[in-house]
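Chains, contacts and geometry: an overview
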Amino acid sequence: MLIRSASDIPSSEITPEALYLRRRQFMQAGAAVAAGALLPGVSEASARLAAAMNSRYSTTEPQTPYKDVTTYNNYYEFGTDKSDPAENAQGLKTRPWTVSIEGEIKHPKVWDIDALIKAFPLEERIYRLRCVEGWSMVIPWTGFPLASLIRQAEPTGNAKYVEFTTLLDPAQMPGQRRAVLDWPYVEGLRLDEAMHPLTLLAVGLYGQTLPNQNGAPIRLVVPWKYGFKSAKAIVRIRFTDRQPATAWGRAAPSEYGFYSNVNPAVDHPRWSQAKERRIGDFFKRDTLLFNGYGDQIAQLYRGMDLRKYY
Ligand SMILES: Nc1nc2c(c(=O)[nH]1)N[C@H]1C(S)=C(S)[C@@H](COP(=O)(O)O)O[C@H]1N2
Ligand SMILES: [Mo]
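Analysis parameters
Residues numbered from 1 in each chain as written. Chains lettered and ligands numbered in written order. Predicted model: local features only at pLDDT ≥ 70, side-chain atom pairs only at ≥ 80, totals over all residues. Heavy atoms only, no water. Helix = DSSP H or I, 4+ residues; strand = E, 2+ residues; numbered from the N terminus. Salt bridge = Lys/Arg side-chain N within 4 Å of Asp/Glu carboxyl O. Phe/Tyr/Trp six-rings, centres within 6.5 Å; stacked < 30°, edge-to-face > 60°. Buried < 20%, exposed > 50% of the residue type's maximum accessible area, 1.4 Å probe, protein only. Pairing = 2+ DSSP bridges. Axes fitted to C-alpha atoms, helices over the stretch in contact; angles between N-to-C directions. Contact = heavy atoms within 4.5 Å. Core = buried A, V, L, I, M, F, W, Y, C linked by side-chain atoms within 4.5 Å. Near = heavy atom within 4 Å. Polar contact = N/O pair within 3.5 Å; in protein donor to acceptor, adjacent residues only side chain to side chain. Areas by Shrake-Rupley, 256 points an atom, 1.4 Å probe, with all protein chains shown as cover. Nonpolar A, V, L, I, M, F, W, Y, C, P; charged D, E, K, R; others polar. pLDDT = per-residue confidence, 0-100.

Before going further, it helps to spend a moment on the environment of Trp111. On the secondary structure map, Trp111 appears in strand E3 (residues 109–112). On a C-alpha basis, the gap between Trp111 and Ser100 in space is 6.1 Å, while along the polypeptide they are eleven residues apart.

Now for the pattern of salt bridges. Should their charged atoms come close, side chains of opposite charge can pair. Evaluated as defined, the whole model comprises 18 salt bridges. With a closest N to O distance of 3.8 Å, Arg278 and Glu276 form a salt bridge. For Asp281, the salt bridge goes to Arg285, with nearest N and O atoms at 2.8 Å. Each of the salt bridges in this network shares a partner with another, and the network as a whole consists of Glu61, Arg128, Arg130, Glu276, Arg278, Asp281 and Arg285.

Turning our attention to the packing of aromatic side chains. Under the defined criterion, the tally for this structure stands at 15 aromatic pairs. Considering the side-chain rings of Phe258 and Tyr259, the 5.5 Å spacing of their centres and the 90° angle between planes classify their relative orientation as edge-to-face. There is no split in this pair, since Phe258 and Tyr259 are both buried. Geometrically, the ring pair formed by Tyr259 and Tyr301 is edge-to-face, given 6.1 Å between the ring centres and 90° between the ring planes. With a gap of 42 residues between them, Tyr259 in the loop between helix H8 (247–251) and strand E12 (275–278) and Tyr301 in the segment after helix H9 (294–297) connect regions that are remote in the sequence. When sorted by exposure, Tyr259 lands in the same class as Tyr301, which is buried. One aromatic cluster is present, formed by Tyr161, Phe258, Tyr259, Phe290, Tyr301 and Tyr309 through successive ring pairs.

Let us look at the sheet that holds strand E7 (residues 186–190). Pairing within the open sheet is mixed, and its five strands lie in the order E3-E2-E11-E6-E7. Looking at the sheet topology across the chains shown, the edges are occupied by E3 and E7. Here the strands of the sheet are splayed against their neighbours by 15° on average, with no regard to which way each runs. Of the strands in this sheet, strand E2 (98–103), E3, strand E6 (161–166) and strand E11 (234–240) touch helix H6 (residues 146–153), which is tilted by about 55° from E11.

As a further point, take the environment of Gly188. Considering the arrangement of structural elements, one finds Gly188 in strand E7. Among the residues examined, Gly188 registers a relative accessible area of 1% and is labelled buried. Put simply, Gly188 and Thr240 are 52 residues apart on the chain and 10.0 Å apart in space, counted from C-alpha to C-alpha. Beyond its immediate sequence surroundings of up to four residues, Gly188 is in contact with Val162, Glu163, Phe164, Lys229, Pro244, Thr246 and Phe258.

Our focus in this paragraph is the nonpolar core. Counting 79 residues, the largest nonpolar core has Trp141, Leu149, Ile218 and Ile237 as its most contacted members. If we skip the residues at most four places from it in the chain, Ile218 touches Trp97, Val99, Ile113, Leu116, Phe144, Leu201, Ala202, Val203, Leu210, Lys232, Ala233 and Ile234.

Moving on, we get to the site of ligand 1. Residues in close proximity to ligand 1 total 17 residues, the closest being Asn73, Tyr76, Glu77, Ser230 and Lys232. Asn214 places a polar side-chain atom, nitrogen or oxygen, 2.9 Å from an oxygen atom of ligand 1. At a separation of 2.7 Å, an oxygen atom of ligand 1 approaches a polar side-chain atom of Lys232. In isolation ligand 1 offers 540 Å² of accessible surface; the protein chains occlude 98% of this area. Here the shell around ligand 1 is built from residues that sort into eight nonpolar, six polar and three charged.

Among all residues except glycine, the phi angle is most often negative; among peptide bonds, the trans geometry is most common. Geometrically, the link from Arg95 to Pro96 is a cis peptide bond, its omega value of -10° lying close to zero. Mapped onto the secondary structure, Pro96 falls in the loop between helix H4 (84–88) and E2. Residue Pro184 is reached from Trp183 by a cis peptide bond, and omega for that bond is 0°. With respect to the secondary-structure elements, Pro184 resides in the loop between E6 and E7. At Asn291, a residue that is not glycine, the phi angle is positive and equals roughly 55°. Within the secondary structure, Asn291 is located in the loop between strand E13 (285–286) and H9.

Model confidence for the protein is summarised by a mean pLDDT of 91, while 86% of its residues fall at 70 or above. The low-confidence segment residues 1–14 (pLDDT under 50) makes 21 contacts with residues lying over four places distant or belonging to another chain.

Have a look at this one:
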């Protein structure tokens, strides 16, 4: 495992950005609490965000600088270049916003996003993110386990999978005016993957509201899977008895399987997955099975052929 304790990290690896942001986050927490006394609602959400406790599921690896996390993005609704989302997503209207929880559950509900942020305790989770393209980052998310929401929704006996759908709005999402994918972006998990405590619904990063380019107001984070499983700007979570058809799976089924667990031994048809470049590093490093989260999640796939179920 590459996980080191905080004291093992040379101070040279702690970026000035990270330190600056921590300090600013701390001060903003104070300011937000003060403002929240006058203006309940939005500031209350940001105060809750800033106050989120670091989780035991966090890695202590050096965090990717805020600048890189928010300017090097994949979000095809806003263009296919890494710099496009930061430029083009700023106008996305993330309030009002609702998330519909529907399908094979006992308590379907259309949640207002601010009510959802208040409904479950928020945690900070510092996770590795490994993109299928061969780069990776370490990102401090703030959010709550998807399992909390699922428990409240109470899946029926027919619920076997969970489908996540991104907003469809070509007027706001210029990338949707081109047939790069069959919009809207759809992703899916098996119910036990969705219920796993590592699976997070993120509403913030670096202690602040999620930037639009990172999937505001709410996005999925599944750290042992390739980054594309982590759908952004979610408007619907639907429980089904059948495996959902995902946007990438429909576009290129031989390249993007439903499981898409990070696996250095199973290559993408067009490139090796054995190594990755951590953004900011010069040299590549070995990619770890299940992105290094195997101790926690390997039991989900016991007895499964990971080559067949790629
Ligand atoms: N709706 C939507 N979600 C998406 C994508 C996308 O194009 N559209 N790209 C995915 C990919 S390929 C990756 S690697 C991650 C990147 O998340 P980040 O930009 O917050 O690092 O978002 C994923 N979620
Ligand atoms: Mo990705």
